[in-house]
Amino acid sequence: MTDTGKQLRALYFTRFASSFGLVTLLTLLPTFINELGAEGFVLGLFATGLTFAQAVGIIPISWAGDRYDKRTVLLGGLGLSVFVYAGFAVVDTSWQFIAVRAVQGIAATAAGLIALALVGDLARESERGNTIGTSNAWRFAAAIGGTFSAGALYDLFGFEAVFALLMVIAASAFVVVWLWVEPDDTRIHGFPFTDLALNKRILTITSFRAQYAVAVTLVRTWVPIYAGLAAVDGGLGYVNSATAVAVIIAAEKFTNMVCQPYTGGLSDRFGRARFVFFGGLFYGTVALVVPFTPAIGSALGLPATFPFLGTLSAAFLPLVALNALLGVADSIREPASMALFADEGKGQGVASSFGVRDLVWRPGSVLAPLAGGWLTSNVGIDWVFFLGGAFAFTGVFAFLGILSYSHGRDALAAW
């Protein structure tokens, strides 16, 4: 019998491997677009092919994880990932890339969702927030590593070296899961996805999550766009300093990574619902301040020129700080929210519970960029952050209202 700690460490590495591959491909996406000459509708499929495949895969993969051995499903996802990265290394047309990217979406869903379900299943109820937060920290470490290493590896050695590394990481995750993670003997018959989708507590948390998806997608996507967009279009004009944009992105990932195990542990001790509420409130507040970074930098007399980065603007340091605070805000909310879904799914279909969680996120994450693009072009980029902050506020107050009405006035403290 493998001890629980060793199983969890194997699953943490699995989440690292899955996230590292996704972030690396996202970082190299512009390079593929240029090399393959994608444009128009085909260009759009470079991005949406992955997300559409992920959305399609959620329900059957969740069902299979609860009905059969989660370990087997996870190994299937990791094994498929190895072949996917080999496929990326040999694509030479846009349609081949889109097809492989769609298969990557299925593999990533199987690996990420099932690994998270196993983490939630193995974690003690009294430590579930901390355990999930630690798992997420590995995911954010991969995001930072993938962001900075992908471009450097490509510049030095080309695509083949990048995908060889991804194959090695995915294969290593397959091996450690095979050796350390025990077969899962929990069998949930029927279709638990339906029952959990109508679960009263899950319905309450999804009232927040559906709206919050719009907030996070808008803000997380548009912070780097705001940094790199030409000043004439309302951005800060860091278009010639990709490293500066990477630093801004990494600030959010870093604080999220560092804080999640601790904030998850706090939610275990003091209740999960209040962390969801206050984390969402904090996120919305910080989002509203982002457009004022030039004024903040000027008022504080901050420098506009930096070593290695060159001349940027006085808004650079405030934007790094605010994006770091967005990471802190999300770290307050995310492990508590995930633990709530795991609490409800334990013994009833934890993979399906996380599947409901993922599915609720999809509409907002798909529609939000369309709204952000329209606002940027027709009203002004500042309004993207105002809309993101507004959706965070409507999400948290809808959550508070439904929570109090359906579960009692003390539910915020009791959950």
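I will try to describe carefully the structure that is included in this document. A quick note: this is a predicted structure, and the numbers were derived from the prediction, not measured. (Residues numbered from 1 in each chain as written. Predicted model: local features only at pLDDT ≥ 70, side-chain atom pairs only at ≥ 80, totals over all residues. Heavy atoms only, no water.)

### Regarding the overall build of the protein chain
Summing up its helical and strand segments, the protein chain has 15 helices and two strands in all. Its C-alpha atoms give the protein chain a radius of gyration of 21 Å, near enough to 22 Å, the size a compact globule of 415 residues would have. If you line up the protein chain on its principal axes, its C-alpha atoms span 60 × 55 × 35 Å. Classification of the 415 residues of the protein chain by burial places 55% in the buried group. When contacts within the protein chain are restricted to residue pairs at least 6 apart in sequence, long-range pairs at least 24 apart make up 83% of them. Surface exposure of the protein chain reaches about 17,100 Å², of which carbon and sulfur atoms provide 68%. (Helix = DSSP H or I, 4+ residues; strand = E, 2+ residues; numbered from the N terminus. Rg over C-alpha atoms; globule rule 2.2 N^0.38 Å. Buried < 20%, exposed > 50% of the residue type's maximum accessible area, 1.4 Å probe, protein only. Contact = heavy atoms within 4.5 Å. Areas by Shrake-Rupley, 256 points an atom, 1.4 Å probe, with all protein chains shown as cover.)

### A closer look at the environment of Leu-75
By the secondary structure assignment, Leu-75 is in helix H3 (residues 70-88). When the C-alpha positions of Leu-75 and Ala-299 are compared, they lie 54 Å apart, and in sequence the two are 224 residues distant. In this structure Leu-75 touches Phe-174, Val-177 and Trp-178, once residues within four positions along its chain are discounted.

### Here's the deal with empty space enclosed by the protein
For the structure on display, the rule yields three cavities of 30 Å³ or more. Approximately 100 Å³ is the volume attributed to the largest cavity. Along its surface, the largest cavity is lined by 15 residues, and Ala-17, Ser-18, Ser-81, Tyr-85 and Ala-170 are the ones closest to its centre. Among the elements of the structure, helix H1 (4-36), H3, helix H4 (94-122) and helix H6 (159-180) are those that each provide at least two residues to the lining of the largest cavity. Counted by class, the lining of the largest cavity contains 11 nonpolar, four polar and no charged residues. (1 Å grid on protein atoms, 1.4 Å probe; cavity = no way out; pocket = protein on both sides within 12 Å on 5 of 7 lines; lining within 4 Å. Points joined across faces, edges and corners; volume = space filled by probe spheres on them. Nonpolar A, V, L, I, M, F, W, Y, C, P; charged D, E, K, R; others polar.)

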